[in-house]
Amino acid sequence: MTRPRRFTPSISLLSAFEAVLRTGSTAAAARELSLSQGAVSRLVKMLEEQLGRELFERQRQRLIPTEAARSYGRDISRALDLIQRAGMELIANPEGGALSLAILPAFGTRWLAPRLGRFAGAHPGIAINLATRLKRFNFDAEGFDAAIHFGTDDWREADHMKLFDERLTACIAPGLLATHPVRAIEDMRGLPLLQLETRPTAWKLWFEVQGGTAPQGRGMLFDQFAPMTQAAIAGLGVALLPEYLADPELAEGRLLPVLEHPVAGTGSYWLVWPSARANHPPLAAFRNWLASELAAHAPG
């Protein structure tokens, strides 16, 4: 496909534009790119001339991005990230065979990473590149081959492989439990309940399993399990944690379980990939390895 030169500026022009947009000034962009401030300004001006549209308003010594520039910049930033990732993959594995995988932070750190050595040993020619994503994204725009997803098998235009259901344990610091013993569900009254943004109904389900009703109001709110776990260890409240996060903390005594545990969570973990990438060899190898890994370490 022929790409008109006007709409495919050079990397130097795009990098200068993206750096100015992100840092907020030509001076900061110049330091980042190891260029003079004047050179950055000239590159931005050249890009505007090539596109035939102003991207910044000049106010004294400042460049103020237009709304069109902000929209354009989001796409350019993603494109530059893809180019950078492609270069990293080429250097890491010049013969090909790379898998770009988006992971959930806690799952990637505590469940997947300790097992990846076995995959690397079985597939030494495949390089896995990991990046964290908390929310769904567009595979085409982001350039990932697959993602670890929590919820249900409802990712559009994608195939799914279920890994396992989430099971949750209510965990409390020993010091907090000593001052506020919990022997029955009624004893939970008054304890701060730590909340996770992506599990808004988790406490409601947990209380129902225990034969009680979740209290009104909310406790501290977190966007990831890691800081919520640390808050629980510090005695700031009770946290509902998946087994793969709770078990190490319980085994080492940093946290203690509360009442019946574990209980069914609000969803499952899935490997998700765009249907068009289903036969990508590194993805197929990773998918098969995951299946064998889960089967070998299944309970019972």
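Because the structure is a prediction, the values reported are computed rather than measured. Each chain has its residues counted from 1, running along the sequence as written. Reporting of local features is limited, given that this is a predicted model, to residues whose pLDDT is at least 70; pairs of side-chain atoms are given and counted only at 80 or more, and all residues count toward the totals for whole chains, interfaces and linings. Just so you know, side-chain values use all the structure's heavy atoms and leave hydrogens and water out.

Participant: Would you mind showing me how to read empty space enclosed by the protein here?
Facilitator: Here the idea is plain: a probe the size of a water molecule rolls over the atoms and shows the empty space left. Put plainly, a pocket is an open set of points on a 1 Å grid over the protein atoms alone with protein on both sides within 12 Å along at least five of seven lines, a cavity is a set where a 1.4 Å probe fits but cannot get out, and a lining residue has an atom within 4 Å of a point. Grid points are joined across faces, edges and corners, and a volume is the space filled by probe spheres set on the points. Under the definition given, this model contains 1 cavity of 30 Å³ or more. One number sums up the size of the largest cavity: a volume of about 70 Å³. Lining the largest cavity are Leu-168, Leu-194, Gln-195, Leu-196, Arg-199, Ala-202, Trp-203, Phe-225, Met-228 and Leu-240. Those elements that place two or more of their residues in the lining of the largest cavity are β7 (195-196), α9 (202-209) and α10 (225-233). Amino acids are sorted into nonpolar (Ala, Val, Leu, Ile, Met, Phe, Trp, Tyr, Cys and Pro), charged (Asp, Glu, Lys and Arg) and polar (every other residue, Gly among them). For the lining of the largest cavity, the class distribution of residues is 8 nonpolar, 1 polar and 1 charged. Under the DSSP-based scheme used, a helix requires at least four consecutive residues in state H or I and a strand at least two consecutive residues in state E, with every element numbered from the N terminus.

Participant: How should I be thinking about the domain arrangement of the protein chain in this particular structure?
Facilitator: How large an interface is tends to be reported as the accessible area lost when its parts come together. Those domain boundaries reflect an automatic or database domain assignment. Splitting the protein chain by domain gives domain 1 (5-91), domain 2 (96-164 + 267-296) and domain 3 (166-264). Each of domain 2 and domain 3 has a C-alpha centre, and these two points are 28 Å apart. In what follows, a contact means two residues having at least one pair of non-hydrogen atoms within 4.5 Å. On the side of domain 3, 10 residues touch domain 2, which itself brings 11 residues to the contact. The term buried area refers to how much accessible surface (probe radius 1.4 Å) is lost by two components on association, counted for both of them together. Buried surface at the junction of domain 2 and domain 3, summed over both partners, amounts to about 920 Å²; 58% is from carbon and sulfur atoms. Put simply, a salt bridge is a Lys or Arg side-chain nitrogen that is within 4 Å of an Asp or Glu carboxyl oxygen. In this assembly, domain 2 and domain 3 are joined by 1 salt bridge. In this structure, the salt-bridge partner of Glu-249 is Arg-110, at a minimum N-O distance of 3.4 Å. Here a polar contact is recorded for every N or O atom pair within 3.5 Å, except that within protein the pair must consist of a potential hydrogen donor and a potential acceptor, and residues adjacent in sequence are included only if both atoms are side-chain atoms. In this structure, the connection of domain 2 to domain 3 is made through 5 residue pairs in polar contact (both at pLDDT 80 or more).

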